Amino acid sequence: MELWPGAWTVLLLLLLLLLPTLWFCAPSAKYFFKMAFYNGWILFLAVLAIPVCAVRGRNVENMKILRLMLLHLKYLYGIRVEVRGTHHFPASQPYVVVSNHQSSLDLLGMMEVLPGRCVPIAKRELLWAGSAGLACWLAGVIFIDRKRTGDAISVMSEVAQTLLTQDVRVWVFPEGTRNHNGSMLPFKRGAFHLAVQA
Ligand SMILES: CCCCCCCCCCCCCCCC(=O)SCCNC(=O)CCNC(=O)[C@H](O)C(C)(C)COP(=O)(O)OP(=O)(O)OC[C@H]1O[C@@H](n2cnc3c(N)ncnc32)[C@H](O)[C@@H]1OP(=O)(O)O
Ligand SMILES: CCCCCCCC/C=C\CCCCCCCC(=O)OC[C@@H](O)COP(=O)(O)O
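What you are looking at is a predicted structure, and each value in this text was computed from that prediction instead of being measured.

**What to know about the packing of aromatic side chains**
Here comes step 1: For the coordinates displayed, the defined rule picks out seven aromatic pairs.
Here comes step 2: For the pair Trp23 and Phe33, a centre-to-centre distance of 6.4 Å together with 15 degrees between the ring planes defines the contact as stacked. Residue Trp23 is found in helix 1 (residues 7-25), and its partner Phe33 is found in helix 2 (residues 27-54); the two are separated by 10 residues along the sequence.
Here comes step 3: Judged by relative accessible area, which is 30%, Trp23 ranks as partly exposed.
Here comes step 4: Taking the relative accessible area as the measure of exposure, Phe33 reaches 26% and is therefore partly exposed.
Here comes step 5: Between Phe187 and Phe192, the ring centres sit 6.0 Å apart and the planes meet at 10 degrees, which makes this aromatic pair stacked.
Here comes step 6: Overall, the relative accessible area of 38% leaves Phe187 in the partly exposed class.
Here comes step 7: By way of ring pairs, the aromatic residues Trp23, Phe32 and Phe33 are connected into one cluster.

Written as structure tokens, this is what we have:
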């Protein structure tokens, strides 16, 4: 189908008008744009982080680089963070941090308080999230296949050994998935086995 000359300009103008209209009039569209930017920006930051992290190879120390690169996000989103009780994190020794999981924005809270040499356990699917997956891998994020309990358990048993031998801490979302409705899902047991084994 042939469009008349200038049709693309008109279409582009309409689109440019539509975007601010949606932003101001449709809260769900505004939410969608914000989340799309959040993910896109993280993918972009990960592209920058990859060569820096690659110098050390897969190493939990790289998590510091990701953390520093993500800390500014709260300002972009006007989020005020209040942190209390960080003195409860022991200065040195292995431990398991457990936290609730409502949304991918939890990443911001996690980065705010993430102790040194601490890596999260993440679903295996995140490994395939483009540049973000590779950045996570380089930072030592532990990936588990939630559908294969046996495999996940053996990964976590190896993690327990690493905790002991390499002075590493682990961050687990014991609900095992995001839960938006304000309540807590029943906890999966892996985090607690991990803590006992370590
Ligand atoms: C600048 C650029 C930035 C780029 C970007 C950066 C981002 C950098 C941060 C990324 C941040 C990502 C954050 C992602 C966040 C998630 O991806 S959350 C999803 C992944 N996390 C989890 O799933 C939590 C951990 N899950 C578990 O621990 C689960 O227990 C398991 C191991 C997966 C098994 O789950 P399940 O089979 O559904 O259920 P469950 O009832 O818990 O266990 C079954 C049986 O196995 C036993 N079992 C479980 N675990 C164990 C164990 N370890 N040892 C022995 N027995 C066990 C249980 O006791 C149970 O047996 P019984 O007691 O019934 O006899
Ligand atoms: C070329 C491939 C492009 C793939 C694009 C993927 C888009 C993703 C972009 C950026 C990734 C941002 C990293 C956010 C880290 C937060 C991870 C997260 O919160 O995962 C959810 C997981 O805890 C539970 O998952 P489910 O609630 O069970 O589901």
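**With respect to unusual backbone geometry**
Here comes step 1: Phi is positive for Gln93, which is not a glycine, with a value near 130 degrees.
Here comes step 2: By the element assignment, Gln93 lies in the loop between helix 4 (73-76) and strand 1 (96-98).
Here comes step 3: The partly exposed category is assigned to Gln93, whose relative accessible area is 46%.
Here comes step 4: Its identity as a non-glycine residue notwithstanding, Asp167 has a phi of 50 degrees, on the positive side.
Here comes step 5: Judged by relative accessible area, which is 33%, Asp167 ranks as partly exposed.

Cut-off values and rules
Residues numbered from 1 in each chain as written. Chains lettered and ligands numbered in written order. Predicted model: local features only at pLDDT ≥ 70, side-chain atom pairs only at ≥ 80, totals over all residues. Heavy atoms only, no water. Phe/Tyr/Trp six-rings, centres within 6.5 Å; stacked < 30°, edge-to-face > 60°. Helix = DSSP H or I, 4+ residues; strand = E, 2+ residues; numbered from the N terminus. Buried < 20%, exposed > 50% of the residue type's maximum accessible area, 1.4 Å probe, protein only.

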